[in-house]
Amino acid sequence: MKPAPFTYCRPDNVEQVLDLLRQHGGDSRILAGGQTLMAMLNMRLVEPKILVDISMMEALRFIRVADNYLEIGAAVIQADLLAWTDLEQYAPLMAKALPWVGHAQTRNKGTVCGSIAHSDPSSEMPLCLALLGGEIVLRSKTNRRMVKAADFQIGTLTTARQEDELIEAIRIPVPADVSKFAFQEVAIRHGDFALVAVAASHSPDGIRLGVGGVADRPEVRHWEHLPEDEIDTALNDLAHELGGYDDIHASAGYRRELVRTIGKRVILEVMA
Amino acid sequence: MIEYGAADRVKVTLTVNNESLTGYASSRMLLSDFIRHELGLTGTHVGCEHGVCGACTIQIDGRPVRSCLMLAVQAEGREIQTVEGLSDKGTLNRLQQAFRSHHALQCGFCTSGILMSMTNLLNENPTPTDDEITDILSGHLCRCTGYVGIVKAVQSLVLENIARENGENA
Amino acid sequence: MKKIADKVYVSQALERVEDSALLAGAGVFADDIAVGARTGHAAFLRSPHAHADINSIDIKTAEALDGVHAIVVGEDLRAWSRPFIVGVKQPMEHWCLAQDRVRYIGEPVAIVVAEDRYIAEDALALIEVDYTPLKAVVDPEIAILKDAPVLHEAVGSNLISERNFSYGDPEKAFRDADRIVSMKVRYPRNACTPIECFVVNADYDAAEDNYDVLANFQGPFSLLPVMALALNIPVNKLRLRTPPDSGGSFGVKQAIFPYIVALCLASRKAGRPVKWVEDRLEHLMAATSATNRVTEIEGAVTKDGELIGLCYRQLEDCGGYLRAPEPATLYRMHGNMTGAYKVQNLAIENRVVLTNKTPTGLNRGFGGPQVYFALERLMHKIAVELKLDPLEVIKRNLVEAKDMPYRTPSGALYDSGDYRKAVLEACKKGNLEALKKRRDQVRGAGGLYGIGYTAIVEPSISNMGYISTALTALEREKAGPKDGGAAMATVSVDALGSVSVTMDSTPQGQGHRTVAAQVVADVLGLKPADIRVDVTMDTAKDNWSISAGNYSSRFAGSVAGSVHLAAIEIRDKLKRMAQTSLNIAADKVSFSDGKFSDADNPDNAIQFRRLAGQAHWSPGLLPEGDVPGLRAASSWTMPELEAPDPEDRVNSSGAHGFVFDYCGVEIDRDTGRVRLDKYVTMHDAGRLLNPALVDGQVYGGFTQALGAALFEELSYTADGTFQAGSMAEYLIPTVAETPAPVILHMSSPSPFTPLGAKGVGEGNSMSTPVCLANAVADALGRDDIELPLKQSKVRDWIGIRETPPTSGGAVATPVADKDAITGRGELTIRLPVERVWDLLLDPENLEKAIPGCRELIVEGDHSYRADVSVAVGPVRGDIVALVKLSDLDPSKFLRLGGSADGPLGSSTGSGTILLTATGANGDATILHYDYSVSLSGKIAAVGGRLLGGAMKVLIKRFFERFIRIAAPETAPAGFPLFGWLENLLRAIGIKR
């Protein structure tokens, strides 16, 4: 279980990163926290020719609030975001969800943007970003663009990122003061991948529910108005729409059932 | 920009347990392999090489992380603490002694990693709650002890620390 | 008394001598031992198929890789080795590398020896093996059917051993019974997965034709002759050493032995020492496993719950090969198949079957979890059917204290115990009444709560003859009797009086050094710290026998006892010397405070160390008949461990402890999660040598059993694909899932072991899984409880009733073939059907449309061979795909079938494409597709969770490209590529 050979690059600045990505495209991988990528390298599921290490790049290690957006740079470690004193104020949902991401030991190295980049269908960070209507800031040598979270993750481990693009940061709209958030997850053991994860928000424009682990990417639904007696029907429809899948840990039917049950729990929690 | 080719032999200098050490690594060498086989510090153990079991946990710049999920070349210039740095000239420190008193280990293979996480936990917060202990310890797999002794060992230090704090406050 | 008590160390919860080094990171595990610069590092190429013929292996490219020293394949073996011997009389061949067929996923096919492990793994990817996949069978009940694929054609069927036993008069018991209660249970595959994997350093010395091996092997050393026979050498040409520390085993490291042989041969071919460190993926996939077993069990009972007859029909699954010491899992419990109960009429049918899964072997509990799962589920069901309290049914049937030592119908001799008293005490001390109240409370509030009970007998110290029960009495007679179970130890005192101990146990973390020091300190009047215990084993020098090793919980009862006997021999010799030296009568020699003295005149004394020195410096002073030096080598066995008798009765184990457990579980109705509310475990393991270590064994065994009950399964699809290949798939409990059980003890010392001790490390492996199952059965009121109790399964038992969505769409149902990845879709292409058809059949177009296709070669009529680089996210793999189109109905329908192979695994798949004309002028086509793909190998083992999604991505990508090529005019110019695709996909309904 050792990685295949690669060239290791540690650029000094973002421009150099973009040069490398332009030059090597799909043969390169960005190494940020490496908590998923390194495991995949060790298993030789991934064999890039060039590994571009941005983990120590200070220019990408920013947590800042600007224009009513919270911006989290590509090198920001999950543990640092969790420890950020203003997190509860600017991204209360992230504060609730981050403790569910892996274990403390992996959060000490894993990055927030790395979770987004990897886009595991049951991962917590992409679910939060999608629910919050966040954006991914993609930069290439020639272009800088923002992609809505809903458009970013296309399917399992598959995103809208082009091969020459770097996820520079993610942006999350700062919620209205009155907004409420809830997050719940059912996993087999503490720290496991979610069988199903749900996040909900209640803000002046209505109720949102995000579901991870059921479809091949997090799915978010919005109801301007959701009377309590319609929740069951709405969630049942959603469960059928998302379908779910069978694996050795849980059946599709179980996943759908959790959409109905824990989905309801988080909706009621934010409505209360 | 630093660039190491696949066939390069890279000199890596880092601080391990407050001592500056140097070894050589290929670009792809895992930090766990480097620590064990290049630096000869075999107290750090390897159990899964995919970040789950926690046996290889060390501290880098004061934080517990999986050394199997890092490259040796990434450790250049960093501060690393391993289990070998815990004892003082062969005398077990408080945490180690508590592990011994509470039979917190059997085969001892997972123990090094657990000690590194628990050291950090108690450094950051000398009086963690049971839930906090569980949360951090759940990042480690132990197949021998059922965790009972480990939890008791850490709790015993928490009680001592509470008594100390109370003593200081009194 | 006070003074003596100060000096008695046995039975005290002393701290461990092992811990100082381990806590300082100074333990010496196998991989910590430095190897020489010439040492090559090995990696194994393993089968991605559950069942396949090997047509050829091409190692040329791999051999040419810089840094590769040697590559060993199956055909190299024949010159230097032969197949492993088999425990039953069957022509089954098992070599340490596959010969012309592979029979399980992960079976070793080749070994690369290279400069380092990294390069060795690089070379693995360059070895080309041509396989012809065969139909696989993984279900033991299917494997014995007539039309099942046969693994070993020489054997003729997959049924490799079958025996029937009858004790007492079971027919009469079943005739006389008020009621017959029966059930069929399945025990799943799991393994104890030590955190340290296998390590082997092997060095072939050509000059002496000798193999020198260091491995974290645990025994039993009966496997050393097995290895030597396979290597075609006398046993004294295979020197095996074990390291000072081992990172856990729980039986599992028994399974290193085929790798020891493989690495010996690799060293021989490479002409240099070879080191191999098993990695976790290899371990989970192919190291070993406990047996999975299907048991039909029947109890003949009276209306008040007395069990008067018992019948087992056991179908044991040993995987791809019957590997020594199998079928031992099935026979280890043979003497105690009636468990803690006094039933004397017993019938057993034992069948052993081979299937396309990893071969099985030692795992903590070894046979116990499987047997007691059946027996104790039956006891629960008897209570349910007779409307009795399960605890009362257990109590009514317990073997009684007055009958100890008690002979079971199948031959075990239970040494000691008062089971009823233990049960009563456990109920009282563990406060069963409060637990029952809690159950009522939770149920009253609408919750799901259940209580489970288990009473089991825990065997320890295996009879070396029990496995021969698998043979008929006639076959046994021909082979000669097998019995006993020797334990060996040496105690040496040097010229300055310090004490060294060795023994034939190879501990893997249990603290045997500590206990041995306690035992010797007591006998010699010293402190444990004065005793140095070395647990490394060197078969060239140490005392060992075939029963040496760390298994069957033999340490406390037999090895520690043997240490005790050796220490007594030393003490007696010193006493004789003291008698001469002090010139007093034998009965006047007093020994205390490290001094031998005259009981009548304490001033006439000599120090222990001085006397010990005499044995070395002044042999002339020794009493007549005593030899120079001071070293005692004991070898002890138990006369009660007799060979199986002609009626197939066997005392399969030397000591029998008792365990009584009960627990309360609460089940979350929404999530199906089983929360263990309270667990009480009562043990009678005879005399406890170090209570802290005993509790450590109970906690650890309990936790492993909790994992087996709740999460752990080495699962396979029906076609033999292994699915639990990483620690994110094979789930062992963390602290967050592990409540501490309440441990209670009673002590009925064994009359058969030197110290009165019995084994204690395996009881919970046997009792806990079924105790939880009984509790869940109680909570849900159902019989068909299968492990592991994963929440999805439990939630299904509670019952999910789905209502259709309001939109009127179809209710989602799980796909029929759960093992295959299936999907379907539909897209509209703005071209007429004829044109689409032509494009589908045009190889050039396909080559362009298949993402990552480097080359597509037409191999025949509608059959293609494609070199493709498949990528999903960061995962990439080069594959060779063979695709054949069939059932062609031009412009309408075709069927695809094919297979693909690459370093990440193999796959087979099929699909259909249906074209329908649409649009106002029929100028567009609706293309409907469906597919079903089965994957095996690494990708399926570690990525199961993501495979369905990944396949969707690939199929989608193909059609995206296909449309782009087929009808580029539908792509508006100037749009960024991604947005264009997204919009298009939405437009044609692929994307929501």
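Residues numbered from 1 in each chain as written. Chains lettered and ligands numbered in written order. Predicted model: local features only at pLDDT ≥ 70, side-chain atom pairs only at ≥ 80, totals over all residues. Heavy atoms only, no water.

Side note on the pattern of salt bridges
So, point 1. Counted according to the given criterion, the structure contains 93 salt bridges over all chains.
So, point 2. Linking R217 of chain A and E219 of chain A is a salt bridge whose minimum nitrogen-to-oxygen distance equals 3.3 Å. For the residue pair R217 of chain A and E219 of chain A, the accessibility class agrees, reading buried in each case.
So, point 3. Among the salt bridges present, the one from K436 of chain C reaches E433 of chain C, with a minimum N-O distance of 3.9 Å. Within this pair, K436 of chain C and its partner E433 of chain C are both found in helix α15 (residues 432-444), separated by 3 residues, close to a single helical turn.
So, point 4. The network of salt bridges with shared partners includes R44 of chain A, R28 of chain B together with R46, R117, E121, D122, D279 and E282 of chain C. (Salt bridge = Lys/Arg side-chain N within 4 Å of Asp/Glu carboxyl O. Buried < 20%, exposed > 50% of the residue type's maximum accessible area, 1.4 Å probe, protein only. Helix = DSSP H or I, 4+ residues; strand = E, 2+ residues; numbered from the N terminus.)

Things to note about the packing of helix α2 (residues 94-101) of chain B against helix α5 (residues 148-169) of chain B
Think of two packed helices as two axes; the pair is described by the angle between the axes and how far apart they sit.
All names here are of chain B.
So, point 1. Look at α2 against α5: their axes get within 8 Å of each other, and the N-to-C directions meet at 130°. The angle between α2 and α5 places the two elements in the oblique class. The handedness of the crossing between α2 and α5 comes out as right-handed. The residues of α5 that touch α2, namely those facing R94, L95, A98 and F99, are I150, A153, V154, S156, L157, E160, N161 and R164. (Axes fitted to C-alpha atoms, helices over the stretch in contact; angles between N-to-C directions. Parallel < 35°, antiparallel > 145°, perpendicular 65-115°, else oblique. Left-handed = near helix turned anticlockwise from the far one by under 90°. Contact = heavy atoms within 4.5 Å.)

Here we look at the domain arrangement of chain C
All names here are of chain C.
So, point 1. Domain boundaries in chain C define domain 1 (33-134 + 193-287), domain 2 (143-190 + 289-468 + 642-797), domain 3 (486-636) and domain 4 (821-990).
So, point 2. On the domain 3 side, the residues contacting the 21 residues of domain 1 number 17 residues.
So, point 3. Buried area between domain 1 and domain 3, summed over both chains or domains, comes out near 1400 Å², and the portion from carbon and sulfur atoms is 56%.
So, point 4. The interface formed by domain 1 and domain 3 contains 1 salt bridge.
So, point 5. Our count for the contact surface shared by domain 1 and domain 3 stands at 10 residue pairs in polar contact (both at pLDDT 80 or more).
So, point 6. Listed by contribution, the elements that provide at least two residues to the side of domain 1 that touches domain 3 are α8 (223-230) and β11 (238-241).
So, point 7. Looking at which element gives the most residues to the side of domain 1 that touches domain 3, the answer is β11, with 4 residues.
So, point 8. Classifying every residue of the side of domain 1 that touches domain 3 gives 10 nonpolar, 8 polar and 3 charged. (Domains from an automatic or database assignment. Buried area = accessible area lost by both parts, 1.4 Å probe. Polar contact = N/O pair within 3.5 Å; in protein donor to acceptor, adjacent residues only side chain to side chain. Nonpolar A, V, L, I, M, F, W, Y, C, P; charged D, E, K, R; others polar.)

What about the interface of chain A and chain B?
So, point 1. If you look at the interface, chain A gives 39 residues, while chain B gives 35 residues.
So, point 2. A combined buried area of about 3000 Å² lies between chain A and chain B, and 55% of that area is made up of carbon and sulfur atoms.
So, point 3. Our count for the chain A to chain B interface comes out at 4 salt bridges.
So, point 4. Among the secondary structure elements, those contributing two or more residues to the side of chain A that touches chain B are β1 (7-10), α1 (14-24), α2 (37-42), β3 (50-53), α3 (78-83) and α6 (104-107) of chain A.

Structural notes on the domain arrangement of chain B
Residues and elements named next belong to chain B.
So, point 1. According to the domain assignment, chain B consists of domain 1 (6-85) and domain 2 (94-165).
So, point 2. Residue-level contacts link 18 residues of domain 1 with 14 residues of domain 2.
So, point 3. Between domain 1 and domain 2 the total buried area reaches about 1100 Å² when both faces are included, carbon and sulfur atoms providing 56% of it.
So, point 4. Run the count over domain 1 and domain 2 and you get 0 salt bridges.
So, point 5. Our count for the domain 1 to domain 2 interface comes out at 7 residue pairs in polar contact (both at pLDDT 80 or more).

Topic: α1 of chain A
All names here are of chain A.
So, point 1. Residues V14, V17, L18, L20 and L21 constitute the buried set of α1. Taken end-on, α1 shows its buried residues confined to a sector of 160°, consistent with a single buried face. Of the exposed residues in α1, the ones pointing more than 90 degrees away from its buried face are R22 and Q23.
So, point 2. G25 sits one or two residues past α1 and shows a positive phi near 45°. (Arc of directions from axis to C-beta.)

Focus: the interface of chain A and chain C
So, point 1. Listed per partner, the contact involves 55 residues of chain A and 64 residues of chain C.
So, point 2. Taken together, the two surfaces of chain A and chain C that pack against each other cover about 5200 Å², and 54% of this comes from carbon and sulfur.
So, point 3. Counting across the interface, chain A meets chain C through 9 salt bridges.
So, point 4. Here R44 of chain A ties to E121 of chain C by a salt bridge, and the two come within 3.6 Å at their closest N and O atoms.
So, point 5. Applying the counting rule to chain A against chain C returns 28 residue pairs in polar contact (both at pLDDT 80 or more).
So, point 6. Listed by contribution, the elements that provide at least two residues to the side of chain A that touches chain C are β8 (153-155), α10 (231-242) and α11 (252-271) of chain A.
So, point 7. For the side of chain A that touches chain C, the per-class residue count stands at 22 nonpolar, 14 polar and 19 charged.

Describing the side chain of H103 of chain A
So, point 1. Its location among the elements puts H103 of chain A in the loop between α5 (92-97) and α6.
So, point 2. Its relative accessible area of 13% is what places H103 of chain A among the buried residues.
So, point 3. In this structure the side chain of H103 of chain A is engaged in a polar contact, spanning 3.3 Å, whose partner is the side chain of S138 of chain B.
So, point 4. Residue contacts for H103 of chain A: discarding those within four places in its chain leaves H190 and G191 of chain A together with S138 and G139 of chain B.

Digging into the packing of aromatic side chains
So, point 1. Summed over the entire model, instances satisfying the criterion amount to 28 aromatic pairs over all chains.
So, point 2. A centroid spacing of 5.8 Å and a plane angle of 20° characterise the contact between W84 of chain A and Y90 of chain A, whose relative ring orientation is stacked.
So, point 3. Note on Y716 of chain C and F722 of chain C: the rings are 5.2 Å apart at their centroids and 55° apart in plane angle, and the pair reads as tilted.
So, point 4. Residue Y716 of chain C is classed as buried on the basis of its relative accessible area of 15%.
So, point 5. Judged by relative accessible area, F722 of chain C falls into the buried class, the value being 1%.
So, point 6. An aromatic cluster of at least three residues, connected via ring pairs, comprises Y929, Y931, F958, F959 and F962 of chain C.
So, point 7. R171 of chain A extends its terminal NZ or CZ atom over the ring of Y69 of chain A, reaching a point 3.8 Å from the ring centre.
So, point 8. Over the face of the ring belonging to Y245 of chain A we find R255 of chain A, whose NZ or CZ atom lies 4.0 Å from the ring centre. (Phe/Tyr/Trp six-rings, centres within 6.5 Å; stacked < 30°, edge-to-face > 60°. Lys NZ or Arg CZ within 6 Å of the ring centre and 35° of its normal.)

Points about the pairing of strand β2 (residues 10-16) of chain B
Residue and element names in this part refer to chain B.
So, point 1. Only one face of β2 is covered, namely the face carrying V10, V12, L14 and V16; the face carrying K11, T13 and T15 is uncovered.
So, point 2. For β2 and strand β3 (residues 19-25), the ladder comprises 7 bridges, and the chain directions are antiparallel. Directly across from V12, in β3, lies its bridge partner G23.
So, point 3. With 2 bridges joining them, β2 and strand β6 (residues 79-81) adopt parallel strand pairing. Within β6, the position partnered with V16 by the bridge is I80. (Pairing = 2+ DSSP bridges.)

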